[in-house]
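Survey of secondary and tertiary structure
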Amino acid sequence: MKTIDVRGLSCPAPVLEVKNVIDSGAKEIKVISDCGASTENIQRFAQNAGFTIAMKKLDDDTTEFILTK
């Protein structure tokens, strides 16, 4: 599983990071994000790319995604 930490990045950088990993052929991706707008955009992009999404909110306003194809 590939892990991407996009905390501190503003849109569209988090989505572009996810796109790069998806384009590299990854089938399981863990994404850690702390930006609300990025959270929605990451979900939408991953769904459009055919990934299923498991999302978990962490205590520090961080969201962890597990994307699986």
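Details of the structure are given in the entry above.
Read on for an overview of the structure. (Residues numbered from 1 in each chain as written. Predicted model: local features only at pLDDT ≥ 70, side-chain atom pairs only at ≥ 80, totals over all residues. Heavy atoms only, no water.)

A word on the pairing of strand E1 (residues 2–5)
To be explicit about the condition: In this analysis, strands are considered paired if DSSP registers two or more bridges between them. To qualify as a helix, a DSSP run of H or I must reach at least 4 residues; to qualify as a strand, a run of E must reach at least 2; elements of each kind are numbered from the N terminus. For crossovers, right-handed means that the path from the first strand over the helix to the second runs clockwise, given strands pointing away from the viewer.
Pairing of E1 with strand E2 (residues 28–33) involves 4 bridges; the strand directions are parallel. Directly across from Lys2, in E2, lies its bridge partner Ile29. Regarding the hand of the β-α-β motif, the stretch spanning E1, helix H1 (residues 13–23) and E2 is right-handed.

What about the side chain of Ser33?
This is how the line gets drawn: Categorising residues by exposure relies on relative accessible area from a 1.4 Å probe, with only protein chains included: less than 20% of the type maximum marks a residue as buried, more than 50% marks it as exposed, and the intermediate range marks it as partly exposed. We call two residues in contact whenever any of their non-hydrogen atoms come within 4.5 Å of each other.
Position of Ser33 relative to the elements: it lies in strand E2. A relative accessible area of 1% places Ser33 in the buried class. With sequence-adjacent residues up to four places away left out, Ser33 is seen in contact with Val6, Arg7, Ser38, Thr39, Ile42, Asp61, Thr62, Thr63 and Phe65.

A few points about helix H2 (residues 36–48)
What counts here: Expected span, for any helix, means 1.5 Å times one less than how many residues it has. For this quantity, the arc is that covered by the directions from the helix axis to the C-beta atoms.
Here H2 spans 19 Å end to end across 13 residues, near enough to the 18 Å set by a 1.5 Å rise per residue. The set of residues buried in H2 consists of Ser38, Thr39, Ile42 and Ala46. For H2, the buried positions fall inside an angular range of 105 degrees around the axis, keeping them on one side. Residues of H2 that are exposed and angled more than 90 degrees away from the buried face: Glu40, Gln47 and Asn48. On its buried face, H2 is in contact with H1, E2, strand E3 (52–57) and strand E4 (63–68). Following H2 by one or two positions, Gly50 has its phi on the positive side, about 90 degrees.

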